[in-house]
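Residue-level structural notes
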Amino acid sequence: AQRVTQPEKLLSVFKGAPVELKCNYSYSGSPELFWYVQYSRQRLQLLLRHISRESIKGFTADLNKGETSFHLKKPFAQEEDSAMYYCALATGGTSYGKLTFGQGTILTVHP
Amino acid sequence: SAVISQKPSRDICQRGTSLTIQCQVDSQVTMMFWYRQQPGQSLTLIATANQGSEATYESGFVIDKFPISRPNLTFSTLTVSNMSPEDSSIYLCSGRQGVDEKLFFGSGTQLSVL
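Report on the accompanying structure.

Reading the values: rules and limits
Residues numbered from 1 in each chain as written. Chains lettered and ligands numbered in written order. Predicted model: local features only at pLDDT ≥ 70, side-chain atom pairs only at ≥ 80, totals over all residues. Heavy atoms only, no water. Core = buried A, V, L, I, M, F, W, Y, C linked by side-chain atoms within 4.5 Å. Buried < 20%, exposed > 50% of the residue type's maximum accessible area, 1.4 Å probe, protein only. Helix = DSSP H or I, 4+ residues; strand = E, 2+ residues; numbered from the N terminus. Contact = heavy atoms within 4.5 Å. Pairing = 2+ DSSP bridges. Buried area = accessible area lost by both parts, 1.4 Å probe. Salt bridge = Lys/Arg side-chain N within 4 Å of Asp/Glu carboxyl O. Disulfide = S-S within 2.5 Å. Polar contact = N/O pair within 3.5 Å; in protein donor to acceptor, adjacent residues only side chain to side chain.

Formed by 26 residues in total, the largest nonpolar core has its most connected members in B:Trp34, B:Ile46, B:Phe66, B:Ile68, B:Leu78, B:Tyr91 and B:Leu111. Of all elements in the fold, only strand S3 (19-25), strand S4 (31-37), strand S5 (43-49), strand S8 (75-80), strand S9 (89-97) and strand S11 (109-113) of chain B reach the threshold of two or more residues within this core. Considering each element in turn, this core owes the most residues, four residues, to S3(B). Aside from chain neighbours lying at most four places away, what touches B:Phe66 is B:Arg36, B:Ile46, B:Tyr57, B:Phe61, B:Leu78, B:Thr79, B:Val80, B:Asp87 and B:Tyr91. In terms of nonpolar packing, the next biggest core, distinct from the first, is built from 24 residues, A:Val13, A:Tyr25, A:Ala83 and A:Leu107 among them.

So, in structure tokens, the structure goes:
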């Protein structure tokens, strides 16, 4: 069975510092990975997905199949980045949308 | 982008009763899903809501406890039946749409069972 692990429940950084939110997965097939974000009092929304290789709000994430990781990075954190971040794995194909979520990491960016 | 309206946003219910949660999408979606987030835990998929047919449930979830309907491509309901305090969770619906098959989420229903 697939699994997603986010080892850090809480992560605090200062504004302007680099930030990395860790995500590791286990899945025997070809993974499709996502990062979702939930800002305070807002709904869960897609931040980025690995197949699109895009950068959203300065965040990037690279799929490393050797290390089975999909860490989220931003070189200079902003206060508005404070939120809950979830890494998620889809089994793909017609099952897309059936996501396995990690436990989530609460990111706090201090001024 | 599709917008999913979910209601109620929260409810406090008595043990043994049932609650139906509704999700309305403002445009057609190919698939709809229901998730649960228990306190302090991550989101867990309950089932895939199939339009015009029975939902497909994940391991650990059964139709008698979580009956789901999806009469058309924009609407679905999840009922939490015969509730117990262990059912206290946030329930989320989601929909898949678009050429790039993005997944959208409702705002969630915070359920507390006394």
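All names here are of chain A. The antiparallel open sheet is built from three strands, whose spatial order is S3-S8-S7. Strands at the two margins of the open sheet, each flanked by one partner only, are strand S3 (19-21) and strand S7 (60-61). Bridge count for S3 against strand S8 (residues 72-74) is three bridges, and the pairing is antiparallel. If you follow Leu 21 over to S8, its bridge partner there is Leu 72.

All names here are of chain B. In this chain, Lys 7 is followed by Pro 8 through a cis amide linkage whose omega measures 0°. Positionally, Pro 8 belongs in the loop between strand S1 (4-7) and strand S2 (10-13). Although it is not a glycine, Asn 82 sits at a positive phi angle of roughly 45°. Tracing the backbone shows Asn 82 in the loop between S8 and S9. Look at Asn 82 and you get exposed, because its relative accessible area is 53%.

Time to look at the interface of chain B and chain A. A common measure of how large an interface is: the accessible area buried when the components associate. Across the contact, 21 residues belong to chain B and 17 residues belong to chain A. Roughly 1500 Å² of surface becomes buried between chain B and chain A when both sides are summed, with 51% attributable to carbon and sulfur atoms. Applying the counting rule to chain B against chain A returns one salt bridge. One salt bridge connects A:Lys98 with B:Glu58, and the closest N-O pair in it is separated by 3.1 Å.

So, about the environment of A:Phe76. Residue and element names in this part refer to chain A. Counting through the fold element by element, Phe 76 comes out in the loop between S8 and strand S9 (83-90). For the pair Phe 76 and Pro 18, spaced 58 residues apart in sequence, the C-alpha separation works out to 4.9 Å. Not counting the four nearest positions on each side in its chain, Phe 76 is found in contact with Gly 16 and Ala 17.

On to the state of the cysteines. Under the criterion given, the structure shown has two disulfides over all chains. Covalent S-S linkage joins A:Cys23 and A:Cys87, the inter-sulfur distance amounting to 2.0 Å. Taking the sign of the S-S torsion, -65° for the link of A:Cys23 and A:Cys87, the bridge is left-handed. Here A:Cys23 is found in the loop between S3 and strand S4 (24-26), whereas its partner A:Cys87 is found in strand S9, with 64 residues between them in sequence. In this model, B:Cys23 is linked to B:Cys93 through a disulfide, with the two sulfur atoms separated by 1.7 Å. The sign of the -90° torsion about the S-S bond sets the B:Cys23-B:Cys93 disulfide as left-handed. Of this pair, B:Cys23 sits in strand S3 while B:Cys93 sits in strand S9, and the two are 70 residues apart along the sequence.

Let us now look at the side chain of B:Ser88. Residue and element names in this part refer to chain B. Residue position: Ser 88 is located in the loop between S8 and S9. Here Ser 88 falls in the buried class, since its relative accessible area comes to 18%. Separated by 2.9 Å, the side chain of Ser 88 and the backbone oxygen of Pro 85 make a polar contact. Only 2.9 Å separates the side chain of Ser 88 from the backbone nitrogen of Val 113, close enough to count as a polar contact. In this view, Ser 88 contacts Pro 39, Leu 111, Ser 112 and Val 113; residues no more than four positions away in its chain are not counted.

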